[in-house]
Amino acid sequence: MLQYFRRCRQEVIPFKIRSILSLLLIIGVIWYFYGDDYERAGFQGVTSEIQSDLQSIKENPIITNTIDTISTGIKELFHEVLPEERSEGQQVEEKPNLESPSTEIFSIHNVELKDSRADVEAEAGPPKRSSLNEYGVNWVAYHENYQNFFMVAYDDKNQIVGLFTNQDLFTSSEEISMKSNQKEVIAALGEPLDSIDKGLVRYQINKEQAYDVFLLDESYVTIFYDKHENNTITAIQMISKDLEQQKQKYFAEPSEQLKEGFELQLFDLTNAARVHHGLPVLAWNEEVRQTARDHSTDMADHNYFSHTNLAGLSPFDRMKEDHIRFQIAGENLASGQPSSIFAHEGLMNSEGHRENILNNKFETLGIGVAFNQDSQPFYTENFVTN
């Protein structure tokens with residue numbers, strides 16, 4: 001049925017007529033299969049049941065590097081025939097004049113590892129947020145309404161030990177840019193690492209993921225690629241060798257501060273990606289955050305990974321139980337990634353998750369993170385339009 005609906009959307013028919021015809025056909029099919037249910041449960045109950053029927057959800061035990069999604073699906077079809085008000089777009093901030101790095105292979109927003117906090121804030125102004133990351137230091141975020149977004153980690157002397165951006169804000173002495181693809185990156189930097197050694201433990205790097213890790217001078221540089229845009233660069237993270245070696249385990253030690261840090265970082269990364277793709281910023285939704293946290297906690301505590309919880313409740317059911325009103329909603333799940341950066345980049349490389357992240361109809365976002373007994377984080381993103 002889902003494939004049929006997609007085919008209907010591709011017919012060469014004027015948009016409004018196509019939408020109305022699709023809606024009438026959908027109503028007929030729904031009434032045939034779910035008429036009795038409608039009399040019992042009403043519109044919301046029927047659409048939730050259909051949504052459940054349409055999703056093929058993975059019910060595996062805890063696995064690493066997994067992501068799952070449930071999109072607006074059928075609910076969105078019932079809103080397509082109505083005219084939508086689009087955001088007029090925010091003021092475009094000027095991109096800084098980027099210079100080539102002076103000592104490192106890469107610089108971000110004209111700053112490099114070992115530069116000072118004063119250097120950063122002379123370039124970018126005061127920070128917008130500071131939150132704990134997996135390395136035991138803070139990611140400090142700089143941006144103008146998520147334009148020119150980048151994050152910096154400082155040591156106790158206020159020197160840069162980490163940098164990240166998913167914007168066109170970096171330069172390279174090797175002439176690598178956001179337009180460079182994976183093959184070009186490897187040709188310029190050499191073969192990426194297969195593993196990272198920390199003491200007597202060797203951590204293998206998953207070669208099936210859309211990123212490469214390089215040891216360049218005294219820093220670990222992770223370059224993320226966009227599978228949907230010919231494997232061109234979508235983000236870059238730079239971590240000093242000393243800071244990386246201080247992180248002894250794959251997963252960081254859980255804490256309330258780290259949970260909140262992962263939630264806020266994933267929120268910022270999502271909005272930065274939306275702005276990069278010309279979409280409006282999502283507002284933080286505290287009520288939905290609690291719903292998302294509860295689901296992440298339930299999955300972590302009970303060793304499962306699914307949109308449908310052990311009581312049989314869908315994301316829409318859980319929001320209704322929490323008295324959250326919505327017109328359309330969507331959910332992304334991730335588990336096994338050591339940070340919000342890796343979780344977000346994985347979500348952006350999966351079509352269904354990417355559609356939720358870049359859906360222009362969503363208005364707010366709540367994110368909840370929880371850790372299981374092995375310190376593995378579970379991420380839940382709930383997108384909502386009231």
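Anything mentioned here points back to the structure above.
Everything quoted here is computed from the prediction, not taken from an experiment.

The rules we used
- Residues numbered from 1 in each chain as written.
- Predicted model: local features only at pLDDT ≥ 70, side-chain atom pairs only at ≥ 80, totals over all residues.
- Heavy atoms only, no water.
- Helix = DSSP H or I, 4+ residues; strand = E, 2+ residues; numbered from the N terminus.
- Buried < 20%, exposed > 50% of the residue type's maximum accessible area, 1.4 Å probe, protein only.
- Pairing = 2+ DSSP bridges.

### A word on unusual backbone geometry
Of note, the phi angle at Asn145 is positive, near 50°, even though the residue is not glycine. The residue Asn145 is located in the loop between strand S4 (138–144) and strand S5 (147–154) in this model. The backbone of Tyr146 shows a phi angle near 70°, a positive value even though the residue is not glycine. Looking at where Tyr146 falls in the secondary structure, it is placed in the loop between S4 and S5. Here Tyr146 falls in the buried class, since its relative accessible area comes to 7%.

### Concerning the pairing of strand S10 (residues 211–216)
In terms of burial, S10 is largely enclosed, as five of its six residues are buried. With six bridges connecting them, S10 and strand S11 (residues 219–226) associate as antiparallel partners. Bridging from a neighbouring strand, Asp212 pairs with Ile223 of S11.

### Thoughts on the sheet that holds strand S1 (residues 66–70)
Strand order across the open sheet formed by five strands is S1-S14-S16-S15-S13, with mixed pairing between neighbours. Across the chains shown, the open sheet's two edge strands, defined by having one partner strand only, are S1 and strand S13 (283–284). In this sheet, strand S15 (residues 364–371) lies alongside S13 in parallel orientation, the contact comprising two bridges. Across the sheet, residue Ala283 finds its bridge partner in S15, namely Thr364.

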